[in-house]
Amino acid sequence: MKQAIKQHWKVAVLDMYEGVPNEGMRCIREILRNYGAAHGLQLEVQEYEVRQQQLVPDLSYDIYLSTGGPGSPLESEGSRWEEAYFGFVQALLEWNEREAAKKPMLFICHSFQLMCRYFGLGTVCERKSPAFGVFPVHRTGEGQAEDTFRYLPDPFYIVDSRQWQVIAPQPERLEALGAEVLAIEKERPHVPLERAVMAIRFNEHFLGAQFHPEADAAGMHKYLQQEEKKHHVISRYGEEKYTSILEQLADPEKIMLTHQQFIPTFLDDVIFGS
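The notes below deal with the structure included here. These numbers come from a predicted model, not from an experiment.

## Some points on the pattern of salt bridges
Any two side chains of opposite charge can pair, given that their charged atoms come close. Inspection of every chain in the model, using the stated rule, returns 13 salt bridges. The salt bridge partner of Glu30 is Arg26, with a shortest N-O separation of 3.1 Å. Here Arg26 and Glu30 lie together in helix α1 (residues 24-39), a separation of four residues that amounts to about one turn. Since its relative accessible area comes to 25%, Arg26 is described here as partly exposed. As a salt-bridge pair, Arg150 and Asp269 come within 2.8 Å of each other at their nearest N and O atoms. In this pair, Arg150 sits in the loop between α4 (141-144) and β6 (156-167) while Asp269 sits in helix α9 (residues 255-271), placing the two residues 119 residues apart along the sequence.

Shown next as structure tokens:
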């Protein structure tokens, strides 16, 4: 007999935005609220402001989401908030090694970069120029078998907004941890630069994405039409780039699809089993 699905789930969101106004937290809140309503579940969500208040959750939650955020993923090394953050991550790793009830965690953008540095999986470095816009992400062979990607095409499209990246993944370190590179950025034959890592399965219960799977097309479209944001994008990237982003946001097979499928599928696998 199939075990009944429990109705109440505790979710901890680790807010890494350091008080900077953003769309990420809004999107995550909406995804969790809509997911609970769609499946008739009670998702009890608690947020923890990590970088300013040095708050991290305890191990009583069922699911953990760690957000993107501003700034360098290198300069925080040795800071009090980072020590607290990595201390929590280590405690969660140890829990999953010894307890039957596993607790998964999703790491987004800045959090992904921190975890790659923590595990020593590759080189975390500044990009030659910022990545901003809508881009295709290509799966690796391991990525073809990743359950969280099962409703997404190859390539699938993502919102990218980053000055930093992870390159030069370390095969020996990946193998030692049982980690797998799942996706890499688009190939640019005219640019002699290594392609960045865009997603890693750190272990059976930890998944990381360099991009923003929570980003919603409608919200980003509204955000980019604010006069200040519009001027910033056009002055930095050009009007053609700005128009291209708006057009791609309107495509139901791009950002809309990733927003609808990525985090909800991650939750499906935790709550209902893959």
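## Thoughts on unusual backbone geometry
Cis rather than trans, the peptide bond between Asp154 and Pro155 has omega equal to 0°. As for its position among the elements, Pro155 is in the loop between α4 and β6. Even without glycine at this site, Cys109 takes up a positive phi of about 50°. Locating Cys109 in the fold gives a position in the loop between β4 (105-108) and α3 (110-119).

Conventions adopted
- Residues numbered from 1 in each chain as written.
- Predicted model: local features only at pLDDT ≥ 70, side-chain atom pairs only at ≥ 80, totals over all residues.
- Heavy atoms only, no water.
- Salt bridge = Lys/Arg side-chain N within 4 Å of Asp/Glu carboxyl O.
- Helix = DSSP H or I, 4+ residues; strand = E, 2+ residues; numbered from the N terminus.
- Buried < 20%, exposed > 50% of the residue type's maximum accessible area, 1.4 Å probe, protein only.

Function-wise, these values are silent; they only describe arrangement.
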